[in-house]
Structures are given as structure tokens and as C-alpha cells.
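Coordinate analysis (summary)
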Amino acid sequence: MHTALLAVALLVGCLLAVQASANLQLNKAVGTPYGASTLQLGLATGLLAVLAAAAGALGALGRLPDVDGWMLLGGLASPLYITSGILLFPRLGALAAVGLFVTGQMFASLALDLFGLIGLERRAPSAGVVLGALAVLAGIVVIIRAQRAAGPTGAGTGLSRAGRIGWPALGIVAGAVLPVQGAVNARLRARLEEPLAVAVVSFTVATFAIAVVLLVLYATRRTPKPQVAPLKKMPWWGWLGGACAAAYVTGTFLLIPEIGAAVTVALTVTGQQLTSALIDQRGLFRLPRRALSGPRATGLGLLLAGSLAIQLA
């Protein structure tokens with residue numbers, strides 16, 4: 001049973017990379033990343049609401065009036081992460097984008113532990129954690145440099161000088177908000193005592209937030225009107241983003257009490273990295289092929305070693 005739970009944790013991590021790839025097709029059909037994110041998050045909210053209703057967890061929402069307002073804001077991280085994936089995957093490649101996300105996750109987790117933020121226990125970093133952080137940083141630097149030198153399909157090709165700094169920075173920030181989201185949702189879970197109810201709240205907030213952003217940008221003519229008709233021609237797997245998001249949130253909530261937070265995060269991060277490397281190597285989900293060259297393989301190895309060292313130290 002324990003081995004099966006470990007396999008599920010690895011699979012849940014794989015779903016994050018699949019989610020971002022599938023959302024690219026949704027974005028192409030809808031015509032705006034903000035519209036695609038709104039639709040994807042709305043679908044995830046609906047799926048989680050059905051699961052919560054089936055599990056009898058919706059009654060916990062009656063405790064929301066007694067919850068501090070800031071505990072409801074964890075969902076704000078999801079629109080940033082999802083939209084960033086839509087923007088970064090075609091520009092930097094799956095492996096580089098996920099590497100940036102993981103870098104942000106690792107260093108944000110370190111900051112949360114080091115300073116005891118959002119109610120977490122304060123923990124001084126061990127030598128293993130410091131070495132792991134340095135390995136993660138080295139890994140993403142190696143991958144980005146290798147792809148920039150890879151020719152027409154290299155990361156950074158065709159980008160302005162500001163873009164070569166701005167897009168990686170967005171990836172790191174988008175990854176960094178995920179541990180913060182987890183910490184906030186953990187506080188909410190302590191109040192509601194129902195993981196599925198927390199997931200419903202988180203995704204409802206996320207859907208509302210990105211919908212407001214979409215309306216504001218459309219009203220100011222900074223994004224086109226979302227299209228509906230092209231959705232009929234979208235490949236079936238383009239709809240998987242919402243299911244992957246719901247599965248990731250539900251899976252992590254359920255796995256952490258069973259196998260521990262450190263093991264869960266380590267395996268999900270590993271799944272992210274391995275799946276993104278496969279997507280790049282095979283050109284899956286209609287993404288450009290980016291061969292796993294020696295330098296990129298080295299960077300991937302550093303990312304894997306660093307993330308495991310941080311989470312298991």
C-alpha cells in the first residue's frame with residue numbers, strides 16, 4: 001500500500017507538466033491566456049465541487065464566516081501559475097519552464113521554513129538543504145544557457161533582452177507562490193477540517209480572480225475577446241488541464257497525511273521534471289522538439305538531485 005501511495009505522488013507531479021501542456025491547446029482555441037485560465041480553473045472548481053459533494057465535505061463551508069479573510073487567498077496563486085505556464089512553455093520549453101517553477105518552489109519553501117512564515121515552524125537550513133538549493137540554481141542556469149545556445153529552438157531565441165530576463169523571472173515567481181499557497185491552505189484546512197472543502201474554496205477564489213483580470217484586460221483592450229467556436233476543433237486532451245489541476249490539489253491534500261509532506265513534495269517535483277523532459281524530447285502535445293543534450297541532461301540531474309536533497313534533508 002505504501003509503495004502504491006508513492007507511485008500516486010509521482011503521478012500527481014507528472015500531471016502538473018501535462019496540465020501546462022494541455023492548457024496551451026486551450027489557449028490556442030480560446031485566443032487569450034486569461035480566458036483559457038478562467039475556463040480551466042472553472043472546470044477544476046466544478047470537478048472538485050462534485051467530489052466534495054460526493055464525499056459529504058461541503059458542509060464544512062459553513063465554517064467560512066469564522067475564518068480569517070487572508071486564509072481564503074491561497075487560490076490567488078493558481079491563476080498566476082497556470083497563466084505563466086501557458087506563456088512560458090512555447091517560449092522556453094517544458095523543461096526550462098518547469099525548472100524555473102521548481103527553482104521558485106524550492107527557494108520559497110526555504111524562506112517559509114527559515115523565517116517561520118504563515119504559521120509554519122521555524123527551521124534552520126541544514127547543510128543538505130543549502131547544497132540542494134545551490135544544485136537547483138545551478139541546474140536551471142545550465143538548462144537555460146544550453147537552450148539559448150541550441151539554435152532555432154533554443155530558449156530565448158527571438159526574445160528581446162528584457163524578455164530574456166523577464167520570462168525566467170516570471171517562471172521563478174510563479175513557482176514561488178505555490179508553497180505560499182500550500183501554507184495558506186494548510187491554515188484554512190486546520191479551520192475547516194475538510195481537504196476537499198479547502199480545495200473548492202481555493203479554486204473558487206482562483207476562478208473569480210482570473211475572471212476579474214480577464215474582464216479588466218478585455219475592457220481596456222489589452223486582450224482579445226475569448227472565442228468559443230474553436231473549442232469544438234480542439235484535441236480532446238486539451239480539456240485535461242482542469243482535471244489535472246483538480247487531481248493535483250486533491251492528491252496532495254490526501255497524500256501528505258499518509259506519506260508526509262517532504263516525501264510528497266519531493267516525488268511531485270520529480271514527476272514534474274521527468275515529464276517535462278519527456279515532453280520536450282518527444283515533442284508531445286504539439287510542442288517543439290528540444291533534444292535532451294548533454295548540458296540539458298546535466299541540468300536536469302542537478303534539478304532532481306537538488307529538489308530531493310532539499311525536501312528530504
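Residues numbered from 1 in each chain as written. Predicted model: local features only at pLDDT ≥ 70, side-chain atom pairs only at ≥ 80, totals over all residues. Heavy atoms only, no water.

Using the criterion set out here, one finds one aromatic pair in the structure. Measuring from centroid to centroid gives 4.8 Å for Tyr81 and Phe101, while their planes differ by 50 degrees, and the two rings are tilted. With Tyr81 in helix H3 (residues 77–92) and Phe101 in helix H4 (residues 94–115), the pair connects residues that are 20 residues apart, well separated along the chain. (Phe/Tyr/Trp six-rings, centres within 6.5 Å; stacked < 30°, edge-to-face > 60°. Helix = DSSP H or I, 4+ residues; strand = E, 2+ residues; numbered from the N terminus.)

Between helix H1 (residues 2–30) and helix H2 (residues 33–54), the least distance of the axes is 8 Å, while the angle of their chain directions is 120 degrees. In terms of axis orientation, H1 runs oblique to H2. Crossing geometry of H1 relative to H2 is assigned as right-handed. Here H1 contributes Gln19, Asn23, Leu26, Asn27 and Val30 to the contact with H2, which in turn contributes Pro33, Gly35, Ala36, Leu39 and Gln40. (Axes fitted to C-alpha atoms, helices over the stretch in contact; angles between N-to-C directions. Parallel < 35°, antiparallel > 145°, perpendicular 65-115°, else oblique. Left-handed = near helix turned anticlockwise from the far one by under 90°. Contact = heavy atoms within 4.5 Å.)

The next point concerns the pattern of salt bridges. When the charged atoms of two side chains with opposite charge come close together, those side chains can pair. A full pass over the atoms with the stated rule returns one salt bridge. When the shortest N-O distance is used, the salt bridge between Asp68 and Arg191 registers 3.6 Å. In this pair, Asp68 sits in the loop between H2 and H3 while Arg191 sits in helix H6 (residues 161–192), placing the two residues 123 residues apart along the sequence. Residue classification places Asp68 among the partly exposed positions, given a relative accessible area of 34%. (Salt bridge = Lys/Arg side-chain N within 4 Å of Asp/Glu carboxyl O. Buried < 20%, exposed > 50% of the residue type's maximum accessible area, 1.4 Å probe, protein only.)

Attention now goes to the environment of Ala209. Within the secondary structure, Ala209 sits in helix H7 (residues 195–219). The sequence separation of Ala209 and Leu73 amounts to 136 residues, and the corresponding C-alpha distance is 9.9 Å.

A word on the side chain of Thr223. You can see Thr223 is positioned in the loop between H7 and helix H8 (240–259). Overall, the relative accessible area of 8% leaves Thr223 in the buried class. In this structure the side chain of Thr223 is engaged in a polar contact, spanning 2.6 Å, whose partner is the side chain of Thr32. Excluding anything up to four places from it in sequence, Thr223 contacts Thr32, Tyr34, Leu214, Leu217 and Tyr218. (Polar contact = N/O pair within 3.5 Å; in protein donor to acceptor, adjacent residues only side chain to side chain.)

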